[in-house]
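Per-entry structural report
Each chain, letter by letter, is given below.
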Amino acid sequence: MMMQQDMQQILFTQEQVAARVREMAAQISQDYAGKTPLVVGILRGSFIFMADLVRAMEVPLTLDFMVASSYGAGTVSSGKVKISLDLQEDIAGRDVLLVEDILDTGNTLSKLVAELKSRRPASLKLCVLLDKPERRTKPIEADYVGFTIPDAFVVGCGLDYNQLYRQLPYIGILKPSVYEHP
Ligand code: PRP
């Protein structure tokens, strides 16, 4: 598989990711039975996970996106969050499900959650494919977590390094040589 030589380890295979996403979608569908959630993806990282998740969901739903980023060009979060494209929908009174690829320091999501809560949704829940609790600096937890992972630099399923590797259908740990000697 393309770019597999840059991986130190495959953490979760395509099949494992697909199976877990289906389980999450089943749980979420149960929890939102009778409702029509507004599923909000944070671009760019969430796009693959969100596409897989909503296709396995069994309740009616609407979609919207925000563009936000915090990392800049490296592997360490800069601590600043920039919303460069806001939602198109009014979320007041909606059951909002925020979807992200990874909850890491919590910097991005704690700021986005605070911002979205100020718009008075009926409910707001957070769904992430990956959770890296060791690195958390903000008191935030996700309502739905695909996999809890150690503090390693992971790519694939939407997650990038310098904008590359997002297309990988598995979650891999990048070889340090890739980012130590770019
Ligand atoms: C990544 C990821 C989360 C955030 C998580 O986004 O998608 O938004 O970092 O890190 P945190 O918990 O430490 O805030 P990134 O800024 O790399 O943008 P991207 O979605 O375009 O990949």
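Scope of this entry: the structure provided in the associated data block. (Residues numbered from 1 in each chain as written. Predicted model: local features only at pLDDT ≥ 70, side-chain atom pairs only at ≥ 80, totals over all residues. Heavy atoms only, no water.)

1. Considering the nonpolar core
If you look at the biggest cluster of nonpolar residues, it comprises 30 residues, and the most contacted ones within it are L53, C127, L129, L130 and I171. Counting only elements with at least two residues in this core, the list comes to β1 (7–12), α1 (14–31), α2 (47–55), β5 (95–103), β6 (123–131), β7 (144–148) and β9 (171–174). Top contributing element to this core by residue count: α1, with five residues. Setting aside chain neighbours within four positions, we find L53 in contact with V21, M24, A25, I28, V99 and C127. With 19 residues, the next largest nonpolar core counts L38, L87, I91 and L112 among its residues. (Core = buried A, V, L, I, M, F, W, Y, C linked by side-chain atoms within 4.5 Å. Buried < 20%, exposed > 50% of the residue type's maximum accessible area, 1.4 Å probe, protein only. Helix = DSSP H or I, 4+ residues; strand = E, 2+ residues; numbered from the N terminus. Contact = heavy atoms within 4.5 Å.)

2. Quick word on the packing of aromatic side chains
Counting across every chain of the model gives four aromatic pairs. Ring centres 3.8 Å apart and planes at 15° place the aromatic pair F12 and F147 in the stacked group. One end of the pair, F12, is in strand β1; the other, F147, is in strand β7, and 135 residues separate them in sequence. What makes F12 buried here is its relative accessible area of 14%. Residue classification places F147 among the buried positions, given a relative accessible area of 12%. Ring centres 5.7 Å apart and planes at 55° place the aromatic pair F153 and Y179 in the tilted group. On the criterion of sequence distance, the pair formed by F153 in the loop between β7 and β8 (154–155) and Y179 in helix α4 (residues 176–180) is long-range, its members being 26 residues apart. By relative accessible area, which is 11% here, F153 ends up buried. (Phe/Tyr/Trp six-rings, centres within 6.5 Å; stacked < 30°, edge-to-face > 60°.)

3. Some thoughts on unusual backbone geometry
With an omega of 10°, the peptide bond between L43 and R44 qualifies as cis. As for its position among the elements, R44 is in the loop between β2 (38–43) and α2. In the Ramachandran plot, C157 falls in the positive-phi region, its phi being about 50° despite a non-glycine side chain. Summarising the element assignment, C157 is placed in the loop between β8 and β9. Relative accessible area serves as the criterion here: at 4%, C157 is assigned to the buried category. A positive phi angle is found at Y165, which is not glycine, with a value near 75°. With respect to the helices and strands, the residue Y165 is situated in the loop between β8 and β9.

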